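# A closer look at the structure
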Amino acid sequence: MELTILNKSGEDTGRKIELNDSVFAIEPNEHAIYLDVKQYLANQRQGTHKSKERAEISGSTKKIKKQKGTGTARAGSIKSPVFRGGGRVFGPRPRNYSFKLNKKLKQLARRSALSLKAQNDGLLIIEDFNFEAVKTKSFVELQKNLKVSDKKVLLVLAEDNKNIYLSSRNLKNVEVVRVSDLATYDIMKASALLFVESSVKGLDEMFKLN
(Lines give C-alpha, C1' and ligand atoms only; values in the text may rest on other atoms or scores of the structure.)
Protein backbone atom coordinates (compact mmCIF):
# COMPACT_ATOMS: atom_id res chain seq x y z
CA MET A 1 0.00 0.00 0.00
CA GLU A 2 1.44 3.37 -1.04
CA LEU A 3 0.42 6.89 0.00
CA THR A 4 1.53 10.28 -1.27
CA ILE A 5 3.62 12.36 1.11
CA LEU A 6 2.32 15.92 1.55
CA ASN A 7 4.12 18.93 2.95
CA LYS A 8 2.61 21.16 5.63
CA SER A 9 1.19 23.42 2.92
CA GLY A 10 -0.91 20.47 1.73
CA GLU A 11 1.04 20.14 -1.53
CA ASP A 12 2.28 16.89 -3.07
CA THR A 13 6.02 16.48 -2.49
CA GLY A 14 6.29 14.04 -5.41
CA ARG A 15 7.36 11.27 -3.05
CA LYS A 16 5.45 8.22 -1.88
CA ILE A 17 5.75 6.03 1.17
CA GLU A 18 5.06 2.32 1.29
CA LEU A 19 2.93 1.25 4.25
CA ASN A 20 3.28 -2.17 5.81
CA ASP A 21 0.35 -4.39 4.78
CA SER A 22 0.46 -6.24 8.10
CA VAL A 23 -0.43 -2.93 9.83
CA PHE A 24 -2.59 -1.03 7.35
CA ALA A 25 -4.16 -3.74 5.19
CA ILE A 26 -5.37 -6.51 7.47
CA GLU A 27 -8.96 -7.71 7.86
CA PRO A 28 -10.13 -5.57 10.83
CA ASN A 29 -11.11 -7.50 13.93
CA GLU A 30 -14.00 -5.46 15.35
CA HIS A 31 -14.25 -7.45 18.56
CA ALA A 32 -10.58 -6.81 19.35
CA ILE A 33 -11.20 -3.08 18.80
CA TYR A 34 -14.25 -3.24 21.09
CA LEU A 35 -12.30 -4.94 23.89
CA ASP A 36 -9.36 -2.53 23.69
CA VAL A 37 -11.61 0.56 23.68
CA LYS A 38 -13.62 -0.93 26.56
CA GLN A 39 -10.42 -1.44 28.57
CA TYR A 40 -9.19 2.09 27.80
CA LEU A 41 -12.46 3.64 29.01
CA ALA A 42 -12.60 1.35 32.05
CA ASN A 43 -9.10 2.48 33.03
CA GLN A 44 -10.27 6.13 32.98
CA ARG A 45 -12.79 5.43 35.75
CA GLN A 46 -11.75 6.46 39.26
CA GLY A 47 -14.10 4.01 40.95
CA THR A 48 -14.38 6.21 44.05
CA HIS A 49 -18.20 6.07 44.22
CA LYS A 50 -19.64 5.26 47.66
CA SER A 51 -22.96 5.52 49.46
CA LYS A 52 -23.64 4.69 53.11
CA GLU A 53 -25.37 1.45 53.96
CA ARG A 54 -27.47 1.06 57.12
CA ALA A 55 -24.52 0.01 59.29
CA GLU A 56 -22.64 3.22 58.37
CA ILE A 57 -25.45 5.71 58.99
CA SER A 58 -25.16 7.85 62.12
CA GLY A 59 -28.35 7.65 64.17
CA SER A 60 -30.15 6.19 67.17
CA THR A 61 -30.24 2.44 67.70
CA LYS A 62 -33.39 2.66 69.78
CA LYS A 63 -36.48 0.79 68.53
CA ILE A 64 -38.55 3.64 67.11
CA LYS A 65 -41.99 2.34 68.08
CA LYS A 66 -43.57 -0.58 69.82
CA GLN A 67 -43.82 -3.85 67.94
CA LYS A 68 -47.60 -4.21 68.00
CA GLY A 69 -50.71 -2.12 68.16
CA THR A 70 -49.70 0.82 65.93
CA GLY A 71 -51.63 -0.38 62.87
CA THR A 72 -48.55 0.10 60.69
CA ALA A 73 -45.66 -2.12 59.72
CA ARG A 74 -43.24 -3.08 62.47
CA ALA A 75 -40.00 -1.09 62.51
CA GLY A 76 -36.87 -1.45 64.60
CA SER A 77 -34.30 1.05 63.30
CA ILE A 78 -34.45 4.64 62.06
CA LYS A 79 -31.48 3.72 59.84
CA SER A 80 -33.56 1.24 57.83
CA PRO A 81 -33.47 1.80 54.04
CA VAL A 82 -37.27 2.05 54.19
CA PHE A 83 -37.08 5.46 55.88
CA ARG A 84 -35.92 8.80 54.50
CA GLY A 85 -32.34 9.36 55.62
CA GLY A 86 -31.75 5.66 56.10
CA GLY A 87 -28.99 3.60 54.56
CA ARG A 88 -28.97 2.56 50.93
CA VAL A 89 -29.51 -1.06 49.95
CA PHE A 90 -26.63 -2.51 47.90
CA GLY A 91 -25.22 0.95 47.19
CA PRO A 92 -22.08 1.55 45.13
CA ARG A 93 -18.75 0.74 46.77
CA PRO A 94 -15.22 1.79 45.72
CA ARG A 95 -13.83 -0.62 43.15
CA ASN A 96 -11.22 -0.98 40.43
CA TYR A 97 -12.75 -1.21 36.95
CA SER A 98 -9.54 -2.10 35.10
CA PHE A 99 -9.10 -5.52 33.53
CA LYS A 100 -6.31 -7.33 31.71
CA LEU A 101 -5.98 -7.84 27.96
CA ASN A 102 -3.26 -9.84 26.26
CA LYS A 103 -0.54 -7.84 24.51
CA LYS A 104 -1.14 -9.58 21.17
CA LEU A 105 -4.85 -8.76 21.29
CA LYS A 106 -4.10 -5.09 21.96
CA GLN A 107 -1.68 -5.04 19.01
CA LEU A 108 -4.32 -6.68 16.81
CA ALA A 109 -6.81 -4.00 17.90
CA ARG A 110 -4.43 -1.17 16.98
CA ARG A 111 -3.61 -2.72 13.61
CA SER A 112 -7.33 -3.28 12.95
CA ALA A 113 -8.12 0.35 13.78
CA LEU A 114 -5.32 1.60 11.49
CA SER A 115 -6.52 -0.68 8.68
CA LEU A 116 -10.07 0.67 9.06
CA LYS A 117 -8.81 4.25 8.72
CA ALA A 118 -6.75 3.30 5.66
CA GLN A 119 -9.77 1.62 4.04
CA ASN A 120 -11.95 4.70 4.68
CA ASP A 121 -9.38 7.20 3.33
CA GLY A 122 -8.91 8.71 6.79
CA LEU A 123 -5.11 8.58 6.59
CA LEU A 124 -2.64 11.29 5.53
CA ILE A 125 1.17 11.24 5.54
CA ILE A 126 3.03 14.52 6.03
CA GLU A 127 6.75 15.11 5.71
CA ASP A 128 8.49 15.94 9.00
CA PHE A 129 7.93 19.56 10.00
CA ASN A 130 8.24 21.96 12.92
CA PHE A 131 6.85 25.36 13.91
CA GLU A 132 9.34 28.14 14.61
CA ALA A 133 7.28 29.36 17.57
CA VAL A 134 4.31 28.27 19.65
CA LYS A 135 1.28 29.63 17.79
CA THR A 136 -2.21 28.17 17.61
CA LYS A 137 -2.60 30.10 14.35
CA SER A 138 0.13 27.95 12.77
CA PHE A 139 -1.75 24.74 13.55
CA VAL A 140 -5.05 26.17 12.31
CA GLU A 141 -3.30 27.03 9.02
CA LEU A 142 -1.95 23.46 8.83
CA GLN A 143 -5.50 22.12 9.22
CA LYS A 144 -6.78 24.40 6.45
CA ASN A 145 -3.96 23.38 4.10
CA LEU A 146 -4.68 19.68 4.67
CA LYS A 147 -8.49 20.26 4.47
CA VAL A 148 -9.17 18.73 7.87
CA SER A 149 -10.50 21.82 9.68
CA ASP A 150 -13.96 20.29 10.16
CA LYS A 151 -12.64 16.91 11.37
CA LYS A 152 -11.36 15.41 14.59
CA VAL A 153 -7.63 15.30 13.99
CA LEU A 154 -5.06 12.96 15.51
CA LEU A 155 -1.48 13.93 14.66
CA VAL A 156 1.07 11.19 15.30
CA LEU A 157 4.69 12.28 15.86
CA ALA A 158 7.81 10.15 16.09
CA GLU A 159 8.93 11.93 19.26
CA ASP A 160 7.99 14.84 21.51
CA ASN A 161 7.80 18.23 19.81
CA LYS A 162 7.03 21.05 22.23
CA ASN A 163 6.15 23.68 19.60
CA ILE A 164 3.69 21.45 17.75
CA TYR A 165 2.11 20.13 20.95
CA LEU A 166 1.62 23.56 22.54
CA SER A 167 0.35 25.04 19.26
CA SER A 168 -2.41 22.41 19.13
CA ARG A 169 -3.31 22.34 22.83
CA ASN A 170 -5.96 25.08 22.63
CA LEU A 171 -7.83 23.47 19.73
CA LYS A 172 -10.92 21.46 20.63
CA ASN A 173 -10.84 18.70 18.02
CA VAL A 174 -7.08 18.16 17.78
CA GLU A 175 -4.88 15.70 19.63
CA VAL A 176 -1.13 15.21 19.25
CA VAL A 177 0.51 11.96 20.40
CA ARG A 178 3.81 10.14 20.03
CA VAL A 179 3.65 6.96 17.97
CA SER A 180 4.68 4.95 21.04
CA ASP A 181 1.60 6.27 22.90
CA LEU A 182 -0.87 5.52 20.10
CA ALA A 183 -4.05 3.92 21.47
CA THR A 184 -6.92 2.19 19.67
CA TYR A 185 -9.38 4.59 21.32
CA ASP A 186 -7.54 7.65 19.91
CA ILE A 187 -7.44 6.14 16.43
CA MET A 188 -11.15 5.29 16.41
CA LYS A 189 -12.15 8.68 17.83
CA ALA A 190 -10.33 10.60 15.08
CA SER A 191 -11.86 11.17 11.66
CA ALA A 192 -8.52 12.31 10.18
CA LEU A 193 -5.34 10.47 11.12
CA LEU A 194 -2.14 12.37 10.27
CA PHE A 195 1.24 10.63 10.43
CA VAL A 196 4.51 12.49 10.01
CA GLU A 197 6.87 10.52 7.78
CA SER A 198 9.24 9.44 10.56
CA SER A 199 6.41 8.18 12.77
CA VAL A 200 5.45 5.53 10.18
CA LYS A 201 8.83 3.88 10.78
CA GLY A 202 8.09 3.99 14.50
CA LEU A 203 5.06 1.76 13.88
CA ASP A 204 7.35 -1.02 12.65
CA GLU A 205 9.28 -0.82 15.91
CA MET A 206 6.06 -0.72 17.99
CA PHE A 207 4.69 -3.84 16.31
CA LYS A 208 8.17 -5.44 16.14
CA LEU A 209 8.00 -5.94 12.37
CA ASN A 210 11.72 -5.42 11.71
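Sequence order sets the numbering: in each chain, residues are counted from 1 along the sequence as written. Predicted model: local features are reported for residues with pLDDT of at least 70 only, side-chain atom pairs are reported and counted for 80 or more only, and whole-chain, interface and lining totals are derived from all residues. Side-chain measures here rest on the full set of heavy atoms in the structure, leaving out hydrogens and waters.

Stated formally: UniProt positions are given in the numbering used here, feature names are shortened, and annotations may be inferred rather than shown by experiment.
Going by the annotation in an unreviewed UniProt entry, the name recorded for the protein is Large ribosomal subunit protein uL4, with Labilibaculum manganireducens given as the source organism. The record held by UniProt for the protein lists under Subunit (unreviewed entry) the comment "Part of the 50S ribosomal subunit." UniProt lists a comment for the protein under the heading Sequence similarities (unreviewed entry), and it reads "Belongs to the universal ribosomal protein uL4 family."

### Points about the pattern of salt bridges
Worth spelling out the cut-off: Whenever Lys or Arg places a side-chain nitrogen within 4 Å of a carboxyl oxygen from Asp or Glu, that contact is recorded as a salt bridge. We count a stretch as a helix when DSSP gives it H or I for four or more residues in a row; a strand needs E for two or more, and each element gets its number in order from the N terminus.
Summed over the entire model, instances satisfying the criterion amount to eight salt bridges. Note that Glu127 is salt-bridged to Arg15, the shortest N-O span being 3.6 Å. With a gap of 112 residues between them, Glu127 in the loop between β3 (123–126) and α4 (136–146) and Arg15 in strand β2 (residues 12–18) connect regions that are remote in the sequence. The network of salt bridges with common partners includes Arg15, Glu127 and Glu197.

### A word on the domain arrangement of the protein
Put simply, the rule reads: Source of the domain bounds: an automatic or database domain assignment.
If you check the domain split of the protein, you get domain 1 (2–45 + 99–207) and domain 2 (49–96). Relative to domain 2, the C-alpha centre of domain 1 lies at a distance of 53 Å.

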